[in-house]
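Structure assessment
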Amino acid sequence: MTIDNDPAPRPSTGSTPLVFGAGAAIGVLGGMIGLGGAEFRLPLLIGLFGFAALSAVILNKAMSLVVVLVALPARLAAVPASAVASHWPVVVNLLAGSLLGAWAGASWAVRMRSATLYKVLAALMVLMAAALVLTHTTTLDALDLPPWARIPSGVVAGFGIGVVAAIMGVAGGELLIPTIVLLFALDIKTAGSLSLLVSLPTMLVAFARYSRDGSFAVLRANWRFTAVMAAGSTVGAVLGGLLLGVFPDMLLIPALAVILLLSAAKLARHD
């Protein structure tokens, strides 16, 4: 049972061009750094379109799922299937924690008061800003862990990522990619493909948990809004991918991190 969230979500009044354009803008931002952009879409759903925190999370999760489903074939085409298949233990290791984390995170989200959820989202956006800067402006070296410690570390990390992804409605690539690099000593490109294989089932578990809550009605009430923004996000992600490398990371990443921090500050003060 949801606490202190809108029990009867109303359809958004945003016009189709505005919704599509907002989704496209978010997609471009994410595409330019090789991500889906869901962390930028969440505050937009709350601030521009007026959704309550939990409703915004559920809509964000649905759109993130669409974007990941579209991105997965293209990403796997860019990395040989054999290279991805050879690292299946990494995917299984992280899924062992992330599936449980996704269920737990979604369960906690639907039980939080709205005021608490806004503050939790704000804190997680600060975490995303830090992960963004760390991943794109520093050279990540694998941690020198003994073999016996790597598997439980992967399960714990996967659980935490599953929780964050479920509560924010994101795919979690911002956290999965550096985790795979640090724990399993893989390159960024391979880590990006593996992150999608972890993200998809993790998102489906969170989505299944949200579907059991009354607030899931927001998706039925806003299916057209969701479809239009997801389409915009997908188109924008493709365009952003074409712009990958056009803007130097030392200029782009700090700007995006500032956007996340400003969004976090606004969410923290949300009444």
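One can find the structure itself at the top, above this paragraph.
These numbers were taken from a predicted model, which means no experiment stands behind them.

Another aspect to go through is the overall build of the protein. Along its length, the protein carries twelve helices and zero strands. Ordered by position from the N terminus, the helices and strands of the protein form the series α-α-α-α-α-α-α-α-α-α-α-α. Since a compact globule built from 271 residues should have a radius of gyration of about 18 Å, the 18 Å found for the protein is in line with a globular shape. Referenced to the eigenvectors of the C-alpha coordinate spread, the extents of the protein come out at roughly 50 × 40 × 30 Å. Of all 271 residues assigned to the protein, the portion counted as buried reaches 51%. By sequence separation, contacts in the protein at least 24 residues apart represent 85% of the contacts at least 6 residues apart. In the structure as shown, the protein presents an accessible area of about 11,800 Å², 72% of it carried by carbon and sulfur atoms. Each charge class in the protein was averaged separately, 15 positive and 10 negative side chains, and the resulting centres sit 10 Å apart.

Our next topic: the packing of helix α7 (residues 147-168) against helix α8 (residues 173-184). A packed helix pair is summarised by two numbers, namely the angle formed by the two axes and the spacing between the axes. Put simply, α7 and α8 touch, their axes get as near as 11 Å, and they point 175° apart. In terms of axis orientation, α7 runs roughly antiparallel to α8. Seen from α7, the contacting residues are Arg 150, Ser 153, Gly 154, Ala 157, Ile 161 and Val 164; seen from α8, they are Leu 175, Leu 176, Thr 179, Leu 183 and Phe 184.

Summarising the element assignment, Arg 269 is placed in the segment after α12 (249-268). Arg 269 sits 154 residues away from Ala 115 along the chain, and the two C-alpha atoms are 9.2 Å apart.

With respect to the helices and strands, the residue Ser 195 is situated in helix α9 (residues 188-210). A relative accessible area of 4% places Ser 195 in the buried class. Spatially, the C-alpha atom of Ser 195 lies 12 Å from that of Gly 34, the residues being 161 residues apart in sequence. Not counting the four nearest positions on each side in its chain, Ser 195 is found in contact with Leu 176, Ile 177 and Ile 180.

End to end, helix α1 (residues 16-32) covers 24 Å across 17 residues, agreeing with the expected 24 Å (1.5 Å per residue, within 8%). Turning to α1, its buried residues number three or more, namely Val 19, Ala 22, Gly 23, Ala 24, Ile 26, Gly 27, Gly 30, Gly 31 and Met 32. Buried positions along α1 lie against α2 (38-47), α11 (223-242) and α12. Trailing α1 by a residue or two, Gly 34 shows a phi angle of about 80°, which is positive.

What follows deals with the side chain of Ser 64. In this fold, Ser 64 is placed in helix α3 (residues 53-78). Classification of Ser 64 as buried rests on a relative accessible area of 4%.

Analysis parameters
Per-chain numbering applies: the sequence of each chain, read as written, is numbered from 1 onward. With the structure being a predicted model, the display of local features is reserved for residues of pLDDT at least 70 and the display and counting of side-chain atom pairs for 80 or more, all residues being used for whole-chain, interface and lining totals. Hydrogens and water molecules were not included; the side-chain quantities draw on all heavy atoms of the structure. Helix numbering and strand numbering both begin at the N terminus, where a helix is a DSSP run of H or I of at least 4 residues and a strand a DSSP run of E of at least 2. Every radius of gyration here is taken over C-alpha atoms, with the globule rule written as 2.2 Å times N^0.38, N being the number of residues. Using a 1.4 Å probe on the protein chains alone, a residue whose accessible area is under 20% of its type maximum counts as buried, one over 50% counts as exposed, and one in between counts as partly exposed. Two residues qualify as a contact provided that any one of their heavy atoms is within 4.5 Å of a heavy atom in the partner residue. Only the protein chains shown count as cover for residues, and the accessible areas themselves come from Shrake-Rupley with a 1.4 Å probe. In this tally, Lys and Arg are treated as positive and Asp and Glu as negative; His is ignored, and so are the chain termini. To locate a charge, take NZ of a lysine, CZ of an arginine, CG of an aspartate or CD of a glutamate. Axes here refer to lines fitted to C-alpha atoms; in helices the fit is confined to the stretch in contact. Angles between the N-to-C directions go from 0 to 180 degrees. Here the angle decides the label: under 35 degrees means roughly parallel, over 145 means roughly antiparallel, 65 to 115 means roughly perpendicular, and every other value means oblique. In this scheme, a helix's expected span is set at 1.5 Å multiplied by one less than its residue total.

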